[in-house]
Amino acid sequence: QVQLVESGGGLVQAGGSLRLSCAASGRTFSSYTMGWFRQAPGKEREFVAQISWSGGITSYADSVKGRFTISRDNAKNTVYLQMNSLKPEDTAVYYCAGCLGFWSTCSGKEDFGSWGQGAQVTVSS
């Protein structure tokens, strides 16, 4: 399994921006569908965004569509989450995750076998 390490979290005011990065170890990063998930206190971990091997296909939760952008750089073994127009309800621990498989087989968080340790994002009102 690929090893994942997130960075870039922090405290930001509502309306502000943050960019999360997730660095992966291993030579098979380009074979992974990559995703971002988040978990707020007292809530279940939820899907945020997902990107295909090449970066040509992306998917977003309705709650972040138009504000967040997922991207990847396979040469750097890194996936990013650009978060704009942040809202207090975006406050959560954000997790990077990898699914070794085709886009169609990575349809839920249970399909992602590799997880990072999480990065705290706090949005103040």
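Below, the structure is looked at part by part. (Residues numbered from 1 in each chain as written. Predicted model: local features only at pLDDT ≥ 70, side-chain atom pairs only at ≥ 80, totals over all residues. Heavy atoms only, no water.)

Note on terminology: a disulfide is the covalent bond linking the sulfur atoms of two cysteines. Evaluation of the coordinates by the stated rule reveals two disulfides. A disulfide bridge connects Cys 22 with Cys 96, and the sulfur atoms are separated by 2.1 Å. The disulfide joining Cys 22 to Cys 96 has a torsion of about -75 degrees about its S-S bond and is therefore left-handed. Of this pair, Cys 22 sits in strand S3 (residues 18-25) while Cys 96 sits in strand S9 (residues 92-100), and the two are 74 residues apart along the sequence. As far as the burial class goes, Cys 22 and Cys 96 line up, both buried. A sulfur-sulfur separation of 2.0 Å characterises the disulfide bridge that pairs Cys 99 with Cys 106. Where Cys 99 bonds to Cys 106 through sulfur, the torsion about that S-S bond is close to -80 degrees, and the disulfide is left-handed. Across the pair, exposure class does not vary: Cys 99 and Cys 106 are buried alike. When the bonded cysteines of the chain are counted from the start of the sequence, the pairing works out to 1-2, 3-4. (Disulfide = S-S within 2.5 Å. Helix = DSSP H or I, 4+ residues; strand = E, 2+ residues; numbered from the N terminus. Buried < 20%, exposed > 50% of the residue type's maximum accessible area, 1.4 Å probe, protein only.)

With that out of the way, let us pick up the pattern of salt bridges. All chains considered together, the criterion is met by four salt bridges. In this structure, Glu 46 engages Arg 38 in a salt bridge whose closest nitrogen and oxygen atoms are separated by 2.7 Å. With relative accessibility at 36%, the residue Glu 46 sits in the partly exposed group. For Arg 38, a relative accessible area of 6% translates into the label buried. Of the charged contacts in the structure, one is a salt bridge between Asp 90 and Arg 67, with a shortest N-O distance of 2.8 Å. Of this pair, Asp 90 sits in the loop between strand S8 (78-83) and S9 while Arg 67 is found in the loop between strand S6 (58-60) and strand S7 (68-73), placing the two residues 23 residues apart along the sequence. The pair formed by Asp 90 and Arg 67 is uniform in burial state, with each residue classed as buried. What you see here is one network of salt bridges that share partners, running through Arg 38, Glu 46, Arg 67 and Asp 90. (Salt bridge = Lys/Arg side-chain N within 4 Å of Asp/Glu carboxyl O.)

Here we come to the side chain of Arg 38. Residue placement: Arg 38 occurs in strand S4 (residues 32-39). For Arg 38, the side chain forms a polar contact with the side chain of Glu 46, separated by 2.7 Å. Among the polar contacts listed, one links the side chain of Arg 38 to the side chain of Asp 90, at a separation of 2.9 Å. In this structure Arg 38 touches Glu 44, Arg 45, Glu 46, Val 48, Ser 63, Val 64, Phe 68, Glu 89, Asp 90, Ala 92, Val 93 and Tyr 94, once residues within four positions along its chain are discounted. (Polar contact = N/O pair within 3.5 Å; in protein donor to acceptor, adjacent residues only side chain to side chain. Contact = heavy atoms within 4.5 Å.)

With that settled, consider the environment of Glu 6. Here Glu 6 lies in strand S1 (residues 3-7). Taking relative accessible area as the criterion, Glu 6 reaches 5% and is therefore assigned buried. A distance of 2.8 Å separates a polar side-chain atom of Glu 6 from the backbone nitrogen of Cys 96. From its side chain, Glu 6 meets the backbone nitrogen of Gln 117 in a polar contact 3.0 Å long.

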